[in-house]
Structures are given as C-alpha cells and as structure tokens.
Amino acid sequence: MSANTLITELNKLSEEFKSAIARSDEAAEKRLNDAIADVEAKLRSDAADANRPSAGATNDEAEFKSFCEYLRTRDVKSMSAGSATDGGVTVPKQLHGQIQGYLYDQSVMRQLSTVVSTSTPDYNFPVQTGGAGAEWTGETNARNTTDTPKIENVKPPVGELTARALITQTLLEDSYYPLQPWLVSNLGEKFIEATGSAFVNGTGTNQPKGLLSYATSAVTDKVGTRPFGTFQHVASGTSAALGDVEKLMDLTMAVKAGFRAGSAFVMTKASLNFYRKQKDTTGQYIWQPSIQAGVPSTLLGYPVYEDENFAEAGTAGGLAVAFGNFKAGYVIVDRVSMTVKVDDITFDPYYAIKARTRVGGAALDTNAIKFLKLSAS
C-alpha cells in the first residue's frame, strides 16, 4: 500500500474515530484507535524502508554467500567481525547494516535523541548549567563581581549488549537466503527490546542511564533551584490518572521557548488513545493525523511518538508523558559496532550466531525535557 493511500486511510479513520467519540461508542473507539495505530506504524515502516540498505547489491550478495559457505565449514570454531585471528572472515555488510537499521527504525529514543559514535568509553559532554551574571550601575559606582557560567561534565555510562540466535545445521546446508531474514529478525528483536527499554528505564549500571531513572522535581526552570541532573515534572492533578488538556498545555509551556521548536511528545499507545479524544477550548481535537508520509501525527501541534516503556494511567507517581527537545536532552553513545561470532560446539546440533555491541546513554540537558507525573502535586 502506497504512502498516499495510507495517509488517506489514516484521515478516514480519524473522522470515524471522532464520530465514535461523539456517539459515545466505546467499542468503536477502541477498534478505530487500534486501526489508527496500525496505519501510523505502517507509515513509519515505509519511511524506514526508504533508508534501509538495499539487499540486492551484487557485492553484498556474493559476500553473504561466502559467509554462508564459511558457516558450513567446521575448521574454525568461532569468528568475529574484522578479526583475522578468528578465521579472517568478514561479517557481511548486508547483515550488519540491516540489524543497525532495525535498531534505528524501531527505537523512538534512537530516532529523537543525539546519537554519536566514539572510540573511547571515557566520552564526556561539557554542559553549561548556569549563565553569566550582570548588573546595572552608575557611572562612578563600584563594580561588583558577577556570576560566572557553570560547566558540568556528563559521562554517559556504557554497557555491553549481547544476543544469540540458534540455527540448525540443516538450515545452513539447505539454503542461502532464508538464513538472513531469520537471523536479522531474531537478533534484531533482542537488540530492539534491550536498547529501547534501557534508553528510557536503564539504571546506568552496565547499561545506559534511561530518562526515567533521573530524579524529578516540580521546581520550574525560572525559579532555578533545581539541581543539575534533575528533570522538572508537571503533576497531572490526580494520583494515577492522566491530566486533562490544560495539564498537557502546562507541560508544553514548561519547556523554554528555545527548546519548543524542536520538541515532541512521547507516551504509550494507551495514553495517546486518551488524548486522541480530548478537545481544546475551541472544540477542536488536540490530536491531528499525519498528512505527509514520514511525518508523525501531532498533539497540540507537536509530533507525537509511541513508546511502551513509559507509565500509563493507574501507575501512581509514574511518569506517563515526556515532552521536549530530545536531541538537546538525551545522548546515545555507540562505542563498539556490532560484531558477530559463530559457535558450532556449545549448542550442538545448533549453530549459535552471537551478536555483541557496546552502547551508552545519559541525559544531556535536564531543562530540555519535561514529564507529566501521575500525581496530585
């Protein structure tokens, strides 16, 4: 189905959804909300496919066949990418590129945040946490010493992520290309789940430090007494319940104007379903479907993304919605590109295809992102 057809379908479902709300048809609301989410997912997938490496290049095809031929030999017990001592066989570019693509396409945090590659685990980001001071004075009055800008150092914790897929020798013997999608889907799913969760909920110990693992406070940026490394939250007004439209507006306006231009909402599908039904003071729905391929739907005029790692209604004190400029607020550090080893001994009669990478993450500017907290205050 083409992108234009999907957009037309999305807008049609949107009108049906609004009609279901008007007639208080909860069953239709749920069905249509699921249908809308499915169409939006297809739109995101189509946009991702446009950036995914081609699987038909002659060099890649020959390289992948060579890789499969290597798997059939039992002269070497394991191999790693770029290591001549472990067999001297290069992991196919096709394989590596597609697994990285799955990470990017499926991880909201990886899409929205700043992503850097580094050759050292000791990668630091200097962040200015305070501005210079100034004062008015008369022509002959004494000049006082004013505040000097403050610099804090952010060092994202880096952890090692591994995954393992088992493939029978029979499969390796009988087919070249069925191996590739099987391997990519299995390893890709493991990497997606682990990284997507860690960038939101990671503890910072042997893994990235996720957004929700930082402390939050109701203190605003203007007051300026919130310590560095602490995010601001806006209370939903009711324990364990999402806030109304006004609370969501309060959340957007808590972000400084300089950050709002590049800001977006992130929340779970269930939370987004709640806000799809809400109207502003003029009676207009605050959610609007996408009208362009590759462009997400909007909430109060800002892009909105789904991430099931956030809290939902019913979780007292949980952080249910994030809003802000994620490129300014969070950084992902790719330390070591994915490497692959093949083990044909440990899991006999299976070949174990084991993937490994090192990745880190941390909050960069805790003023750039705000959270809606499910609490009375």
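Residues numbered from 1 in each chain as written. Predicted model: local features only at pLDDT ≥ 70, side-chain atom pairs only at ≥ 80, totals over all residues. Heavy atoms only, no water.

A.B. asks: Explain the pattern of salt bridges here, please?
C.D. replies: Any two side chains of opposite charge can pair, on the condition that their charged atoms come close. All chains considered together, the criterion is met by 10 salt bridges. Note that Arg276 is salt-bridged to Glu40, the shortest N-O span being 3.0 Å. You can see Arg276 sitting in helix α10 (residues 269–276) and its partner Glu40 sitting in helix α2 (residues 26–51), a full 236 residues away along the chain. Note on accessibility: Arg276 and Glu40 belong to one class, buried. For Asp221, the salt bridge goes to Arg226, with nearest N and O atoms at 2.8 Å. For the pair Asp221 and Arg226, a shared accessibility class is recorded, and that class is buried. (Salt bridge = Lys/Arg side-chain N within 4 Å of Asp/Glu carboxyl O. Helix = DSSP H or I, 4+ residues; strand = E, 2+ residues; numbered from the N terminus. Buried < 20%, exposed > 50% of the residue type's maximum accessible area, 1.4 Å probe, protein only.)

A.B. asks: Help me out: how do you make sense of the confidence of the model for the protein chain in this one?
C.D. replies: For any part of a model where pLDDT is low, the fine detail of the predicted coordinates should not be relied upon. Summarising the model, the protein chain shows a mean pLDDT of 80, and 78% of its residues fall at 70 or more. Low confidence marks residues 52–58, where pLDDT is under 50. Its contacts with residues over four positions away, or in another chain, come to six contacts. (pLDDT = per-residue confidence, 0-100. Contact = heavy atoms within 4.5 Å.)

A.B. asks: Explain the packing of aromatic side chains to me, please; I cannot follow it from the model alone.
C.D. replies: The geometry of two aromatic rings is summed up by the distance between their centres and the angle between their planes. Per the stated rule, a full pass over the model turns up seven aromatic pairs. Centre to centre, the rings of Phe265 and Tyr302 are 6.3 Å apart; their planes meet at 75°, and the pair counts as edge-to-face. A residue pair is termed long-range when its members are at least 10 positions apart, and Phe265 in strand β7 (residues 264–267) and Tyr302 in strand β10 (residues 302–306) qualify at 37 residues. Judged by relative accessible area, Phe265 falls into the buried class, the value being 0%. An aromatic cluster of three or more residues is present, and its members are Tyr214, Phe231 and Phe371. Here Lys209 stacks its cationic end above the ring of Tyr214, 4.4 Å away from the centre of that ring. The side chain of Arg276 reaches across the aromatic face of Trp287, ending 4.8 Å from its centre. (Phe/Tyr/Trp six-rings, centres within 6.5 Å; stacked < 30°, edge-to-face > 60°. Lys NZ or Arg CZ within 6 Å of the ring centre and 35° of its normal.)

A.B. asks: I would appreciate a short explanation of helix α8 (residues 245–253) in the present structure.
C.D. replies: At 3.6 residues per turn, the α-helix brings residues three or four places apart onto the same side. Residues Val245, Leu248, Leu251 and Thr252 constitute the buried set of α8. End-on view of α8: buried residues confined to an arc of 115°, all on one side of the axis. Pointing more than 90 degrees away from the buried face of α8 are the exposed residues Glu246 and Met253. Taking the backbone nitrogen of Glu246 as reference, a side-chain oxygen 3.1 Å away marks Asp244 as the first, capping residue of α8. (Arc of directions from axis to C-beta. Polar contact = N/O pair within 3.5 Å; in protein donor to acceptor, adjacent residues only side chain to side chain.)

A.B. asks: When you look at the nonpolar core in this model, what are you seeing that I'm missing?
C.D. replies: One recurring pattern in soluble globular proteins: nonpolar side chains tend to sit buried together. In terms of nonpolar packing, the biggest core is built from 64 residues, with Phe265, Tyr275, Leu299 and Val321 touching the most fellow members. In terms of residue count, the dominant contributor to this core is helix α1 (residues 3–22) (seven residues). Not counting chain neighbours up to four residues away, the residues in contact with Val321 comprise Leu248, Leu251, Phe265, Val266, Met267, Tyr275, Lys370, Phe371 and Leu372. Formed by 12 residues, the second largest nonpolar core is a distinct cluster that contains Leu161, Val340, Tyr351 and Ala355. (Core = buried A, V, L, I, M, F, W, Y, C linked by side-chain atoms within 4.5 Å.)

A.B. asks: Any chance you could explain unusual backbone geometry here in plain terms?
C.D. replies: With glycine set apart, most residues show a phi of negative sign, and most peptide bonds adopt trans. The step from Asp348 to Pro349 runs through a cis peptide bond, and the omega angle for that step is 15°. Of note, the phi angle at Ser24 is positive, near 55°, even though the residue is not glycine. Structurally, Ser24 can be placed in the loop between α1 and α2. If you check the backbone angles, Asn206 has positive phi at about 60° while not being a glycine. Structurally, the position occupied by Asn206 is in the loop between α7 (179–201) and β5 (216–217).

A.B. asks: Mind showing me how you'd approach the pairing of β7 here?
C.D. replies: Every regular strand shows the same layout, with side chains that alternate between the two sheet faces. Burial along β7 is two-sided: Ala264 and Val266 and Phe265 and Met267, pointing in opposite directions, are all buried. Strand direction decides the pairing type here: β7 and β10, joined by three bridges, are parallel. From the neighbouring strand, Met267 faces β10, where its bridge partner is Glu306. (Pairing = 2+ DSSP bridges.)

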